[in-house]
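Descriptive analysis of the structure
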Amino acid sequence: MFAILSALSQVGGIFVDKITLTRRRVEIRVFIPILFLFLVLTTGILYPFLGKIDPSYLEPKNTLLFLGMLICALIWNIFYYRGVQAEKVHDYELIIMFQPILTILLAVLVLKGERNFPIVIASIIAAIALIFAHIKKQHFSLSIGAWNLIGAVVFMSVELIIIDLLLKVYSPVSLYFLRTGVLFIFFYFYFRPRINQIDKTNLWLILASAALGTIQMVAKFYGFEFYGVIYTSLILILSPILVYTLSTIFLHEKLKARTVLSFVVILGCIVYATILGK
């Protein structure tokens with residue numbers, strides 16, 4: 001349930017971000033700090049009810065993990081939103097689709113508790129099906145935006161592994177609240193946006209993105225906590241397929257047979273992992 005909720009909110013967030021950054025032409029230096037301000041506020045609403053921190057957070061190991069998470073998050077967020085602004089939806093998905101499989105491979109290597117091979121095999125098959133649905137015959141050129149997205153994928157995957165380790169100390173809400181709070185402070189002083197000069201429509205769009213982002217990330221963290229990184233990542237593989245399908249509907253492009261086939265394969269892998277793997 002948590003992973004499905006995360007996948008659906010991720011789909012909505014991608015489209016809202018694309019509208020805000022491309023059609024509304026909101027600058028990155030304005031978008032990112034305001035987004036994180038709203039992320040802090042929306043997560044802060046949940047904190048009094050779901051925020052918990054174990055006293056062991058002060059241990060050197062956990063402090064270093066927290067700093068590592070922040071560094072990865074700073075880097076991938078800058079890369080990610082530059083890439084989203086520069087690339088088309090389909091090209092964006094072609095790169096971002098590698099994030100789940102990279103996370104799965106890192107989880108197998110680093111996290112001993114994640115070595116449930118039925119789930120690992122199902123996840124790899126689903127990821128290959130996803131790649132099959134998106135690969136095109138024409139040459140794919142690596143633009144600056146594409147390189148930004150590749151960088152985002154790498155640091156995003158590393159951060160997710162660190163987050164799984166930190167969830168033994170922090171509750172999902174407390175970890176995301178502290179993470180976004182620190183990032184907001186950094187991005188605000190780094191970009192120094194003039195919030196009072198932003199159009200109200202753009203503010204509402206950024207708020208919508210923040211609300212969807214909070215649901216996506218908190219649900220993902222709970223998915224990691226209850227079901228593990230690999231199983232949650234398997235469910236999240238649905239997101240690119242849903243984005244592709246919705247962009248096809250709204251952009252009136254033909255839905256390809258291999259996309260439908262890959263969707264069926266991914267659903268089959270999820271069912272298999274749910275019944276036999278768990």
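What comes next is a walk through the structure.

Cut-offs and rules
Residues numbered from 1 in each chain as written. Predicted model: local features only at pLDDT ≥ 70, side-chain atom pairs only at ≥ 80, totals over all residues. Heavy atoms only, no water. Salt bridge = Lys/Arg side-chain N within 4 Å of Asp/Glu carboxyl O. Helix = DSSP H or I, 4+ residues; strand = E, 2+ residues; numbered from the N terminus. Buried < 20%, exposed > 50% of the residue type's maximum accessible area, 1.4 Å probe, protein only. Core = buried A, V, L, I, M, F, W, Y, C linked by side-chain atoms within 4.5 Å. Contact = heavy atoms within 4.5 Å. Expected span 1.5 Å × (residues − 1). Polar contact = N/O pair within 3.5 Å; in protein donor to acceptor, adjacent residues only side chain to side chain. Axes fitted to C-alpha atoms, helices over the stretch in contact; angles between N-to-C directions. Parallel < 35°, antiparallel > 145°, perpendicular 65-115°, else oblique. Left-handed = near helix turned anticlockwise from the far one by under 90°. Nonpolar A, V, L, I, M, F, W, Y, C, P; charged D, E, K, R; others polar. Patch = residues over 30% accessible without salt bridge, like charges linked within 9 Å, V, L, I, M, F, W, Y side chains within 5 Å. Areas by Shrake-Rupley, 256 points an atom, 1.4 Å probe, with all protein chains shown as cover.

1. Some words on the pattern of salt bridges
Inspection of every chain in the model, using the stated rule, returns three salt bridges. Between E159 and R179 there is a salt bridge, and its shortest N-O distance comes to 2.6 Å. Here E159 is found in helix α7 (residues 144-166), whereas its partner R179 is found in helix α8 (residues 172-191), with 20 residues between them in sequence. For R179, a relative accessible area of 2% puts it in the buried group.

2. Some details on the nonpolar core
With 80 residues, the main nonpolar core has Y80, L175 and L234 as its most contacted residues. When residues in this core are grouped by element, the largest group, twelve residues, is from helix α3 (residues 60-86). In contact with L234, not counting residues within four places along its chain, are A122, S123, A126, C269, I270 and A273.

3. What about helix α9 (residues 200-227)?
Between its first and last C-alpha, α9 extends 40 Å over 28 residues, near the 40 Å set by a 1.5 Å rise per residue. Measuring from the side-chain oxygen of the N-cap residue of α9 to the backbone nitrogen of T201 gives 2.8 Å; that N-cap residue is D199. Looking one or two places after α9, you find G228, whose phi comes out positive at around 95 degrees.

4. Focus on the packing of helix α5 (residues 98-110) against α7
Between α5 and α7, the least distance of the axes is 9 Å, while the angle of their chain directions is 40 degrees. When the axes of α5 and α7 are compared, the pair comes out oblique. For the pair α5 and α7, the crossing hand works out as right-handed. Taken together, the residues of α7 that come into contact with α5 (itself represented by F98, Q99, L102, T103, L106, A107 and V110) are V153, V154, M156, S157, V158, L160 and I161. Residue composition of the contact of α5 with α7, by class: eleven nonpolar, three polar and no charged.

5. Quick look at a nonpolar patch on the surface
Taken together, the side chains of F117, I121, I125, F132, L261 and V265 define a hydrophobic patch exposed on the protein surface, amounting to about 550 Å² of accessible area. At the level of elements, α6 (117-134) and α12 (257-277) are the ones that each hand at least two residues to the nonpolar patch. Counting residues per element, the nonpolar patch draws most heavily on α6, at four residues. Relative to the helices and strands, I125 resides in helix α6.

6. Observations regarding helix α1 (residues 2-23)
What sets the pattern is the α-helix's 3.6 residues per turn: residues three or four places apart point alike. Between the first and last C-alpha of α1 there are 31 Å, a value that for 22 residues agrees with the 32 Å anticipated at 1.5 Å per step. At the exit of α1 stands R25, carrying a positive phi of roughly 55 degrees.

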